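Residue-level structural notes
Take a look at the letters that make up each chain.
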Amino acid sequence: EQEQEQEQEKEVEVDDYEKADYSREDEEQIPWELGLLLNESADQVINAEKGPFWMWKDFTVARRGKTPEPLAGYSEEMLLSRNFFTRSWAISGQQRRLRNLICLLEWKTCKKIEFYNDPKLNGELSKEDDSCLVSAFESLDVDDSGHLDDDEATHLLDILDLDTYHSLDPYRNAEGNFDLPSLKKAITSYDAIPREKNRKYIVITLSEAEALRAYSHALKTKNNNDVPAFALRNLSRWAEDLEYPSKSDKNMDKISLLANTDTFIQGASIPQAKLTCAALRFADIELEPSKKSIHLLKRAFINDSPENRRLWWETIRACRRRSLRAWEQTALAAFLGDANPQATLGTSTAKKVEAHATLARLATALAAHSLSPLDCFDTFDIDGDGTLTLAELSGGLKWLLSRAPPAQVLALARYLDTNGDNLISRSEFDAALKPIMSRLPSSSSSSSSQALPSGKPTLDLKTFHQSVSPTSESDKDNNKLSQDSIRKVSISIQPFYQFDHVWDSRGCLTQEIFSVWQPVVDMGPLAPKNKLYIPIGFYGSDNLNKPKKSPRPKIIQLEAPGNLFGRSSINDELPILLDVCFPPPIGYHRIFEASGRKNFYVWKPDPPETFIAMGIVATTDDAPPPLETIRCVPKSFTTLSNKAKFMWEPQGSQGSLWRVGRLGLLAVSESKTNPPEQIYDLLPDISISDAIAQIQANQQSSPVVLHGGKSTAF
């Protein structure tokens, strides 16, 4: 256990952590009598003035003279030893370095087994949860029967990141299936997690664990009436085994046991165990909990406001050797930053539902054409390399389904890409589609060469390939970006004046006025056809007017010579060049927020490989902006810069806004005194030819070719 603690501390020391003057007074271990664990009246032991244990729901620590409110979400069964942390330390306001949560004492206070349901875990589904449930149900009900079978119902729980706590059998309808009302009832009953009243989970120190382990062996020979019922567990191993149970160990009660007495009674509720692990790992500052753990945390701490959750968590983290990475960049963002704490389903439910809906449509189309998933994969795999890129998936879905919006394609691609390599393998594609197709009455797992059911259209694979890749030399000439066009198109940095108001600081309780503006690049039908403006970020102003002061905001412009308002081959290729050389980001992550008359959120774009996101995007709601809001630039176009000017800082915020680079883009920094860490600026000499050459070199491919009149860039 000591070696494990040392290894954990070494691992977390890779990232910087908060350094402070921590008090070390009164840290000696205070012995307590083992006979206290024989007291069936646990309240007398826990609530005693000098008792060895106290409750996590009363736990808090001090930081810089401030002590946050404890979290009410911790149940009365979750305790901690006074040797682990003394209650008087929090009251005194002294800042202490917290130990890692390693060992857990599971104490059965009496032989009687009593279960109860925590009232705060009961209740109706919120509107958001209900909407997600309906979407998930409809995406799985591909035959429009109005009900799901056993596999589909279990799959629905997985989509929503819910655990199957008990059998679904009591919730079947008269036909033996599951309709929407019955599943709603089942899910709300899942949220009423059964808890065993006489089973306590106590975080203890390593010294206490050593002593209790020795006692557990010595007590094997004692009369059972004189032996307390307890077990010792390794918390991290217990959480891991509950999340991913071993196939060889069917008895969930015996996992991760370090020691136990003969009188210890197995049989704790698995939901209670999972909830306990999730809550304690949250206190141990686990930065990347699973989606199901996030759901459990949302249910447990439903009555704690997101503001108090964050304050409590950040205060605890400051007392540990933990990375100072912003919580918005971790999986905890779905829990700590939840604007609607009553919405408790899984963290990325909406995205998963969107992916499953597209997957269900694809499965239905394949069944209609008697295609297997692997037939479909081979059809979409244009270059035959055994993997699907985002472009190949997008082209295939648009052809087969007629309508496949980019957001749906991206959600499906991320869902299919289980190993995170940004490619979809045959096995990933087959594993996702097979379960859905097996439940379709018209599905067929055989090859597409079999006879098709009468009345159903056939899918001509040759026609599909011709639609997404040119086959003749003349086709290639017509669909290729000509080198002549590339040479004629110029790229320049131009002053810009067209903006839409996004947000301003009125109502923020700050004296400084500040406003945020989005560039308007769509100039309408009368705009010159030979020019395109490329938005690469948002802009700020130190007043309520559009940003016009020196330095004037600038933007990237593509321009073709000749015909200004009519069609020409070069003008038609400008949007193609835009997609190839300046693709949109693949996603966003939130890095800053403030409030005023409206909420204010700042998003950092996630650029494709070999591209740079130079600016940021701002919104007034907490939903990520559309991908096409901003464009990324080739990495070869950029250089690092130190040009930055402070603009505004909200009161009490841990961030500030700056104007950076020669384009005057808006950026975010951690403080008023320190500019953003990485500022990118454009090189003085850039050309489309250089960009195309660099992209080709990075992709190790032939010249950029259009497929079906559209760019392969996604």
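Residues numbered from 1 in each chain as written. Predicted model: local features only at pLDDT ≥ 70, side-chain atom pairs only at ≥ 80, totals over all residues. Heavy atoms only, no water.

Here we take up the side chain of Asp304. With respect to the element layout, Asp304 can be found in the loop between α10 (291–300) and α11 (306–318). One buried charged residue, Asp304, forms no salt bridge at all, with the nearest opposite charge on Arg309 at 5.9 Å. For Asp304, the side chain forms a polar contact with the main-chain nitrogen of Ala72, separated by 3.0 Å. Setting aside residues up to four positions removed in sequence, Asp304 forms contacts with Pro70, Leu71, Ala72, Gly73 and Arg309. (Helix = DSSP H or I, 4+ residues; strand = E, 2+ residues; numbered from the N terminus. Buried < 20%, exposed > 50% of the residue type's maximum accessible area, 1.4 Å probe, protein only. Lys, Arg positive; Asp, Glu negative; His and termini not counted. Salt bridge = Lys/Arg side-chain N within 4 Å of Asp/Glu carboxyl O. Polar contact = N/O pair within 3.5 Å; in protein donor to acceptor, adjacent residues only side chain to side chain. Contact = heavy atoms within 4.5 Å.)

Tallied over the entire structure, the rule returns 25 aromatic pairs. Ring centres of Phe496 and Phe499 lie 5.7 Å apart, and the angle between their planes is 90°; on these two criteria the pair is classed as edge-to-face. Across the pair, exposure class does not vary: Phe496 and Phe499 are buried alike. (Phe/Tyr/Trp six-rings, centres within 6.5 Å; stacked < 30°, edge-to-face > 60°.)

Before going further, it helps to examine the sheet that holds strand β16 (residues 554–559). An order of β11-β16-β14 is seen for the 3 strands of this open sheet, with the pairing classed as antiparallel. Each end of this open sheet is capped by a strand with a single partner; those strands are β11 (490–495) and β14 (531–534). On average, each strand axis in the sheet is inclined to that of its neighbour by 30°, with strand direction left out of account. (Pairing = 2+ DSSP bridges. Axes fitted to C-alpha atoms, helices over the stretch in contact; angles between N-to-C directions.)

It is worth spelling out unusual backbone geometry at this point. In this structure, Ile285 takes a positive phi of about 60° despite not being glycine. Here Ile285 lies in the loop between α9 (270–283) and α10. Judged by its relative accessible area of 3%, Ile285 falls in the buried class. With a phi close to 70°, Thr610 is a non-glycine residue in the positive phi region. Along the chain, the position of Thr610 falls in the loop between β18 (600–606) and β19 (611–612).

Let us look at the environment of Leu38. Within the secondary structure layout, Leu38 lies in the loop between α1 (2–12) and α2 (42–47). Look at Leu38 and you get partly exposed, because its relative accessible area is 39%. Note: C-alpha distance between Leu38 and Cys110 (72 residues apart in sequence) is 8.3 Å.

All quantities given are derived from atomic positions and should not be read as evidence of function.
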